Amino acid sequence: MYRCKSLIETERETPSSEKRLSICLRPNGFSFSEVTSSGVLLTYGEAEGEHASTMTAQMANVKAFFSEVGVRPLGYAKMELVVLSEESVWVPDDLYTPTAHREYLKLVGGKGTDLMATPCKALGATAVYAYNEAIAMGFKVALPGLAVMNQHVKLASLGLERRSQEHPLLLTHWRDGAIDFAAFRDGRYIYGNTVRYASESEAQFHTVEVLKSFGLENSGTELLMCGEVGRERFALLRPYFPQATLYTGTHTGFGNPAFKTLHTYRNALIL
């Protein structure tokens with residue numbers, strides 16, 4: 001079962017058809033948000049607890065949690081679930097075959113057997129990735145119309161291509177022991193991958209290596225950081241980039257002053 005760890009709500013009547021529900025799975029729970037079509041953050045919450053081992057039990061837990069916090073996940077303009085996969089590969093749409101998921105993942109050294117796939121219109125490619133299907137499908141069945149994607153599809157779909165026409169961008173999403181990279185240059189997404197690290201110096205090395213390997217070195221190159229980013233981590237990487245900022249998502253405003261205490265950059269995948 002899931003327990004509500006935190007919840008910030010906005011007391012205003014907004015039709016579900018004018019809202020987006022976003023959920024991001026974590027190892028021991030998930031976070032979620034409601035954002036209006038105009039970019040106003042209305043709700044943010046965190047659930048903690050172990051994910052169920054079967055799709056049926058997972059579905060029941062998801063329904064029970066949202067009922068408990070008073071969120072009726074029906075009629076939204078958009079609903080999305082972001083899963084954090086450790087093994088992922090992009091396949092161009094003209095080469096993609098639904099029955100070849102395992103072969104695609106093997107090309108990048110992936111060994112996962114529980115595989116999912118999500119097309120990305122922005123790239124004209126499909127992400128094939130390893131993730132626990134019972135957990136993801138439990139959410140999908142509990143919330144009809146929910147679109148499931150991994151973090152790389154989400155990062156590639158944030159609309160940062162136009163921003164990279166002016167200067168290269170390196171977006172980094174930080175997790176416990178892993179960095180999710182998304183690189184943009186000349187108005188295009190050019191690279192996305194997850195890299196594991198064992199120390200801050202190793203994380204620093206991988207970030208600078210991506211900068212140099214993909215031709216992102218430029219007088220205006222910008223590093224965007226989100227997720228588990230502290231002062232020391234930010235200060236460690238700041239000297240290697242002409243610009244460095246915390247990425248806070250695509251929302252444009254708050255529906256409740258209490259959101260000013262929320263570290264939005266830590267939850268950029270759902271904001």
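What this report covers is the structure whose coordinates are included nearby.

Conventions and cut-offs
- Residues numbered from 1 in each chain as written.
- Predicted model: local features only at pLDDT ≥ 70, side-chain atom pairs only at ≥ 80, totals over all residues.
- Heavy atoms only, no water.
- Pairing = 2+ DSSP bridges.
- Helix = DSSP H or I, 4+ residues; strand = E, 2+ residues; numbered from the N terminus.
- Axes fitted to C-alpha atoms, helices over the stretch in contact; angles between N-to-C directions.
- Contact = heavy atoms within 4.5 Å.
- Buried < 20%, exposed > 50% of the residue type's maximum accessible area, 1.4 Å probe, protein only.
- Arc of directions from axis to C-beta.
- Phe/Tyr/Trp six-rings, centres within 6.5 Å; stacked < 30°, edge-to-face > 60°.
- Expected span 1.5 Å × (residues − 1).
- Polar contact = N/O pair within 3.5 Å; in protein donor to acceptor, adjacent residues only side chain to side chain.

As a further point, take the sheet that holds strand β13 (residues 222-227). The five strands lie next to each other as β12-β11-β10-β13-β14, forming an open sheet whose pairing is mixed. Each edge of the open sheet is held by one strand with a lone partner, namely β12 (188-196) and β14 (243-246). This sheet shows a mean twist of 15° between the axes of neighbouring strands, independent of strand direction. Against the sheet, helix α5 (residues 200-213) contacts β10 (169-175), β11 (178-185), β12 and β13, and its axis sits at roughly 20° relative to β11.

Quick look at helix α3 (residues 133-142) now. All of the buried residues along α3 are Ile-135, Ala-136, Gly-138, Phe-139 and Ala-142. The arc enclosing the buried residues of α3, seen along the axis, measures out at 155°, which places them on a common side. Taken together, the buried residues of α3 touch β2 (19-26), β3 (29-36), α1 (55-68), β5 (78-83), β7 (115-120) and β9 (147-150).

Here the focus is the sheet that holds β7. Reading across from one edge, β6-β8-β7 is the order of the three strands in this open sheet, with antiparallel pairing throughout. Two strands lie at the open edges of the sheet, namely β6 (88-92) and β7, each paired on one side alone. Averaged over all neighbouring strand pairs, the angle between strand axes comes to 25°, with direction disregarded. Note that β7 and strand β8 (residues 125-130) share six bridges and pair antiparallel. Considered in β8, the bridge of Met-116 is made with Tyr-129.

In this section: the packing of aromatic side chains. Geometry of an aromatic ring pair is reported as the spacing of the ring centres plus the angle between the planes. Tallied over the full model, the rule gives 14 aromatic pairs. Both rings, one in Phe-184 and one in Tyr-189, keep their centres 5.5 Å apart while their planes meet at 75°; by these two values the pair is edge-to-face. A residue is classified by how much of its surface remains accessible, and Phe-184, at 0% relative accessible area, is buried. Classification of Tyr-189 as buried rests on a relative accessible area of 12%. Here a set of aromatic residues connected by ring pairs shows up, and it is made of Tyr-2, Phe-30, Phe-32, Phe-65, Phe-66 and Phe-139.

Glancing now at the environment of Lys-111. Summarising the element assignment, Lys-111 is placed in the loop between α2 (101-106) and β7. We classify Lys-111 as exposed; its relative accessible area is 73%. Sequence separation between Lys-111 and Arg-185 is 74 residues; the distance between their C-alpha atoms is 31 Å.

Moving on: α5. If you check α5, its first and last C-alpha atoms are 20 Å apart, about what 14 residues at 1.5 Å a residue would give, namely 20 Å. When α5 is considered as a whole, its buried residues turn out to be Ala-203, Gln-204, His-206, Thr-207, Val-208, Val-210 and Leu-211. Residues of α5 that are buried make contact with β10, β11, β12, β13 and α6 (231-237). Gly-215 sits one or two residues past α5 and shows a positive phi near 60°.

Moving on: the side chain of Lys-154. Here Lys-154 lies in helix α4 (residues 151-156). Overall, the relative accessible area of 10% leaves Lys-154 in the buried class. Reaching out from Lys-154, the side chain makes a polar contact with the side chain of Glu-80 at a distance of 2.6 Å. Filtering out sequence-adjacent residues up to four positions away, Lys-154 remains in contact with Arg-20, Glu-80, Val-82, Met-149 and Leu-269.

Structural measurements only, silent on function.
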